Amino acid sequence: MLNAAVNFTINGGVIARVAAGQPIIFTSVKDSAGQTPAPGDWGQIRIINSSNILSDFDGVEFRYGSGLVISGASPLLNRIAIRNMAGPAISVDLAASPRGVDISASGNILNGISVPAGDISGNITWAITGIPYVLQSGILGV
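Let us look at the structure shown here. Here the structure is a predicted model, which is why all the values come from computation and not from measurement. (Residues numbered from 1 in each chain as written. Predicted model: local features only at pLDDT ≥ 70, side-chain atom pairs only at ≥ 80, totals over all residues. Heavy atoms only, no water.)

Quick look at the pairing of strand 4 (residues 45-48)
This is how it is decided: Partly exposed residues are those whose accessible area sits between 20% and 50% of the maximum for their type, while under 20% is buried and over 50% is exposed, using a 1.4 Å probe and protein chains only. Put simply, DSSP H or I for four residues or longer makes a helix, DSSP E for two residues or longer makes a strand, and each gets a number counted from the N terminus. Whether two strands pair comes down to DSSP finding at least two bridges between them.
On strand 4, burial follows the alternation: Ile-45 and Ile-47 on one face are buried, whereas Arg-46 and Ile-48 on the facing-out side are not. Inspection of the sheet shows strand 1 (residues 8-10) paired to strand 4 by three bridges, in the parallel sense. Residue Thr-9 lies in a different strand from strand 4, and its bridge partner there is Arg-46. Alignment of strand 4 against strand 7 (residues 68-71), held across four bridges, turns out to be parallel.

Here you go:
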């Protein structure tokens, strides 16, 4: 459970895989305190360049924050649910290479992956299935 304005930054590898009957949920502290949670109750999960150390999330749910941000990292995101975020479900920069299957998003400002305009200059792969990639505005050069 995360409090207001808290961001969770991952600069290295994190493995978060659901075991049978043991859910992993990143959510607002209000969600379990008998209060009414709302989008933006906490900040972002930021996965940043991890120097070839991979983060692996499997079966995790993210609720009532401000979204996942992937910057220059290559996390594995399988069977992830992203709900009620005060921003895009996921935002990537042009150096990120996220991959994963069965991603669902609902109740977010954008139920997709926000991509900035600009030119991709490196060797990257966008390989997430389940939600669309959405160009913010402008032109994306590949």
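Comments concerning the sheet that holds strand 10 (residues 88-92)
The following threshold applies: Comment: axis = line fitted to C-alpha atoms, over the contacting stretch for helices; angle = value between 0 and 180 degrees taken between N-to-C directions.
The strand order across the open sheet built from six strands is 1-4-7-10-13-16, with neighbouring strands paired in parallel fashion. Edge strands, defined here as strands with exactly one partner in the open sheet, are strand 1 and strand 16 (133-135). Neighbouring strand axes in the sheet, compared pairwise and without regard to direction, differ in orientation by 20° on average.

Observations regarding the nonpolar core
The following threshold applies: The nonpolar core is taken to be a set of buried Ala, Val, Leu, Ile, Met, Phe, Trp, Tyr and Cys residues, with the residues joined through side-chain atoms within 4.5 Å. Any pair of residues with heavy atoms lying within 4.5 Å of one another is described as a contacting pair.
The biggest cluster of nonpolar side chains holds 29 residues, and the ones touching the most others in it are Phe-57, Phe-62, Ile-82 and Ile-90. Mapped onto this core, the elements with two or more residues apiece are strand 4, strand 6 (60-63), strand 7, strand 10 and strand 13 (110-115). The biggest single contributor to this core is strand 10, with three residues. In contact with Phe-57, other than residues within four places in its own chain, are Ile-10, Val-14, Ala-16, Phe-26, Ile-47, Phe-62, Leu-76, Leu-77, Asn-78 and Ile-80.

Examining the pattern of salt bridges
Quick note on the threshold: Only one rule defines a salt bridge in this text: a Lys or Arg side-chain nitrogen within 4 Å of an Asp or Glu carboxyl oxygen.
A complete count under the given rule lists five salt bridges for this structure. In this structure, the salt-bridge partner of Lys-30 is Asp-41, at a minimum N-O distance of 3.6 Å. Taken as a pair, Lys-30 in the loop between strand 3 (24-26) and strand 4 and Asp-41 in the loop between strand 3 and strand 4 lie far apart in primary sequence, 11 residues in all. Looking at Lys-30, the relative accessible area reads 30%, which means it is partly exposed. Owing to a relative accessible area of 11%, Asp-41 belongs among the buried residues under this scheme. A salt bridge links Asp-31 to Arg-63, with the nearest nitrogen and oxygen atoms 2.9 Å apart. Taken as a pair, Asp-31 in the loop between strand 3 and strand 4 and Arg-63 in strand 6 lie far apart in primary sequence, 32 residues in all. Exposure remark for Arg-63: the relative accessible area of 21% places this residue in the partly exposed category. Salt bridges linked by common partners bring Asp-31, Glu-61 and Arg-63 together as one network.

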